Amino acid sequence: MKATAVAPSNLAFIKYWGKVDEKLNLPANSSISMNLNGLLTTTTVEFDSQFKSDSIMIDGKQDEKESRRVMSHLDRIRKIAKITLKARVVSQNNFPPSTGLSSSASGFAALTLSASYALGLKLSEKELSILARLASGSACRSIPSGFVEWKKGKTSGDSFSYSLYPPDWWDIVDVVLILSDCKKDIPTSEGQKLAFSSPFFKNRLDKIESKIKILKKSLAEKDFSTFGLLAENEALELHSIMLTSTPSLIYLLPETLFFMKEIVKWRKEGLEAYFSLNTGQALHILCQGNDLAKVKLKLAGFHNIRQIIISKPGEGAKIIKSHLF
């Protein structure tokens, strides 16, 4: 009873921030994202009657807090399968976790698929998305492929993600700048709880549906200028909500702000690129495929970047045959 899955992290263009139901991870608004084929989590799960307790290993380490989240999710899946077998879980990220690159999204998407597959559960993509959401909201977006919409829904059964377009729909590139390997002081799951304390959050929710329509139209028409400016605006709005929450969340580093200004300068010089941010200090640079070489050339002169990861639109969570143990 063993299976391995690989799942991508994702970058939201319309952000998910704020929940209307903490237990079910029901979001305050719908969101739209892109799966990233360069940011991946691989997870192997094995259930065996000989195991006396669950064993969780993430990136070669045992973390008590993360292990509790994983075991809680295993319990959900065991309940569906109507079994009590303990499990061994080994998970590996190919990028630094807990730095704002949505490692919980890829991690819990991979765990959901591998554990349910190992137990012989034949769940649909919708069912897997709902199940992944219960562990980590953004994980539900890493189940389908390509460009994805997560409908907020009113109940657990109608809050799930689905593909708007396949990975090859549009040649968009996400260039991630890893500016620090330090973990965030406050995890995203805790920061989410502060959203409604921002005086600007209600205004955000009042306008979010019109933003979603504009972004969907730009995706359909491959209008990169409209798409990029809106994605950049969403990143700024997300962090403005964080900054004005009580207490405030300050995830950005001086290096993050430096490159945000650099990208705006590049546009004035004729290179069409836009920035985006998740809930951390890493910076995402969005460009079209034919401009990637120019972006790489621009970045070559800087020495304050720890790592660069280049991603294109990627497939969703999938089962693979190569196990981690």
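What counts, and where the lines are drawn
- Residues numbered from 1 in each chain as written.
- Predicted model: local features only at pLDDT ≥ 70, side-chain atom pairs only at ≥ 80, totals over all residues.
- Heavy atoms only, no water.
- Pairing = 2+ DSSP bridges.
- Helix = DSSP H or I, 4+ residues; strand = E, 2+ residues; numbered from the N terminus.
- Axes fitted to C-alpha atoms, helices over the stretch in contact; angles between N-to-C directions.
- Contact = heavy atoms within 4.5 Å.
- Buried < 20%, exposed > 50% of the residue type's maximum accessible area, 1.4 Å probe, protein only.
- Polar contact = N/O pair within 3.5 Å; in protein donor to acceptor, adjacent residues only side chain to side chain.
- Parallel < 35°, antiparallel > 145°, perpendicular 65-115°, else oblique.
- Left-handed = near helix turned anticlockwise from the far one by under 90°.
- Nonpolar A, V, L, I, M, F, W, Y, C, P; charged D, E, K, R; others polar.
- Salt bridge = Lys/Arg side-chain N within 4 Å of Asp/Glu carboxyl O.
- Expected span 1.5 Å × (residues − 1).
- 1 Å grid on protein atoms, 1.4 Å probe; cavity = no way out; pocket = protein on both sides within 12 Å on 5 of 7 lines; lining within 4 Å.
- Points joined across faces, edges and corners; volume = space filled by probe spheres on them.
- Core = buried A, V, L, I, M, F, W, Y, C linked by side-chain atoms within 4.5 Å.
- Arc of directions from axis to C-beta.

Here we take up the sheet that holds strand E11 (residues 283–288). Each strand in a sheet pairs with its neighbour through backbone hydrogen bonds, running either in the same direction (parallel) or in the opposite one (antiparallel). The strand order across the open sheet built from four strands is E10-E11-E9-E12, with neighbouring strands paired in antiparallel fashion. Taken across any chain shown, the strands that pair with only one partner, and hence form the sheet edges, are strand E10 (274–277) and strand E12 (307–311). Strand-to-strand twist of the sheet, defined as the mean angle between neighbouring strand axes without regard to direction, takes the value 25°. Where E10 lies against E11, four bridges are found, and the strand directions are antiparallel. Each residue of the ladder has a partner; that of Leu277, found in E11, is Leu283. Helix H6 (residues 224–243) rests against strand E9 (172–178), E10 and E11 of the sheet, and its axis sits at about 35° to E10.

Looking now at the environment of Ile250. Note that Ile250 resides in the loop between H6 and helix H7 (254–268). A sequence separation of 66 residues divides Ile250 from Lys184, and the C-alpha atoms of the two residues are 9.6 Å apart.

What follows is about the pairing of strand E1 (residues 2–14). Counting buried positions along E1 yields twelve of 13 residues, so the element is predominantly enclosed. Sheet topology places E1 next to strand E4 (residues 31–48); twelve bridges connect them, and they run antiparallel. Along E4, the bridge assignment pairs Ala7 with Thr41. For E1 and strand E13 (residues 318–320), the ladder comprises three bridges, and the chain directions are antiparallel. Across the sheet, Thr4 pairs through a bridge with Ile320, a residue of E13.

Residue placement: Asn93 occurs in strand E6 (residues 86–93). When its relative accessible area of 17% is taken as the criterion, Asn93 is described as buried. Engagement of the side chain of Asn93 in a polar contact is seen with the side chain of Thr41, the distance being 2.5 Å. Excluding residues that lie within four positions of it along the chain, Asn93 makes contacts with Leu40, Thr41, Ile58, Asp59, Ser103 and Ser106.

Attention now goes to the packing of helix H5 (residues 201–221) against H6. Interhelical geometry of H5 versus H6 gives an angle of 160° and a closest axis separation of 10 Å. Relative to H6, H5 is oriented roughly antiparallel. Seen along the crossing, H5 lies across H6 with a hand that is left-handed. Residues Phe201, Arg204, Ile208, Lys211, Ile214, Leu215, Ser218 and Leu219 of H5 touch H6, and the partners they reach there are Thr226, Phe227, Leu230, Asn233, Glu234, Glu237 and Ile241. When the residues that make up the contact of H5 with H6 are grouped by side-chain class, the tally is eight nonpolar, three polar and four charged.

The next thing to look at is the pattern of salt bridges. According to the stated counting rule, one finds 20 salt bridges in the structure shown. Taking the shortest distance from any N to any O, the salt bridge between Arg69 and Glu66 comes out at 3.6 Å. Note that Arg69 and Glu66 are positioned in helix H1 (residues 64–81) at a spacing of three residues, about one turn of the helix. A relative accessible area of 28% places Glu66 in the partly exposed class.

Now for helix H2 (residues 103–118). Across its 16 residues, H2 extends 22 Å between first and last C-alpha, which sits within 8% of the 22 Å expected from 1.5 Å per residue. Summarising burial for H2: 14 of the 16 residues are buried, a large majority. Looking one or two residues beyond H2, the residue adopting positive phi is Gly120, at roughly 75°.

Unfilled space is identified by rolling a water-sized probe across the atoms. Approximately 180 Å³ is the volume attributed to the second largest pocket. Along the walls of the second largest pocket sit Cys182, Lys183, Lys184, Asp185, Ile186, Ser248, Leu249, Ile250, Tyr251, Leu253 and Gln281, which together make up its complete lining.

The side chains of a regular strand alternate between both faces of the sheet. Of all seven residues making up E9, seven are buried, and the element is well covered by its neighbours. Here E9 shows no split at all, with Ile172, Asp174, Val176 and Ile178 on one side and Val173, Val175 and Leu177 on the other all buried. One ladder, built from six bridges, connects E9 with E11; its direction is antiparallel. Bridging across to E11, Val176 finds its partner in His284.

Bringing the nonpolar core into the picture now. One finds Val45, Phe47, Val70, Leu74, Val89 and Leu111 to be the most contacted residues of the largest nonpolar core, which totals 29 residues. For this core, the secondary structure elements donating two or more residues are E1, E4, H1, E6, H2 and helix H3 (125–135). Considering every element that reaches this core, the biggest residue donor is H2, with seven residues. Contact partners of Val70, with chain neighbours within four places excluded, come to Ile56, Ile58, Val89, Phe108 and Leu111. Residues Leu39, Phe95, Trp170 and Ile212 belong to the second largest nonpolar core, which totals 27 residues.

Turning our eyes to something else, we now look at H1. For H1, which comprises 18 residues, the first-to-last C-alpha distance of 25 Å matches the rise-based estimate of 26 Å (1.5 Å per residue) to within 8%. Residues of H1 that are buried include every one of Ser67, Val70, His73, Leu74, Ile77, Arg78 and Ala81, and no others. Buried residues of H1, viewed axially, fall in a sector of 150°; they line one side. On its buried side, H1 packs onto E4, strand E5 (55–58), E6, H2 and H3. One side-chain oxygen at the N-terminal end of H1 lies 3.0 Å from the backbone nitrogen of Lys65; it belongs to Asp63. Positive phi appears at Lys82, one or two residues downstream of H1, with a value of about 60°.

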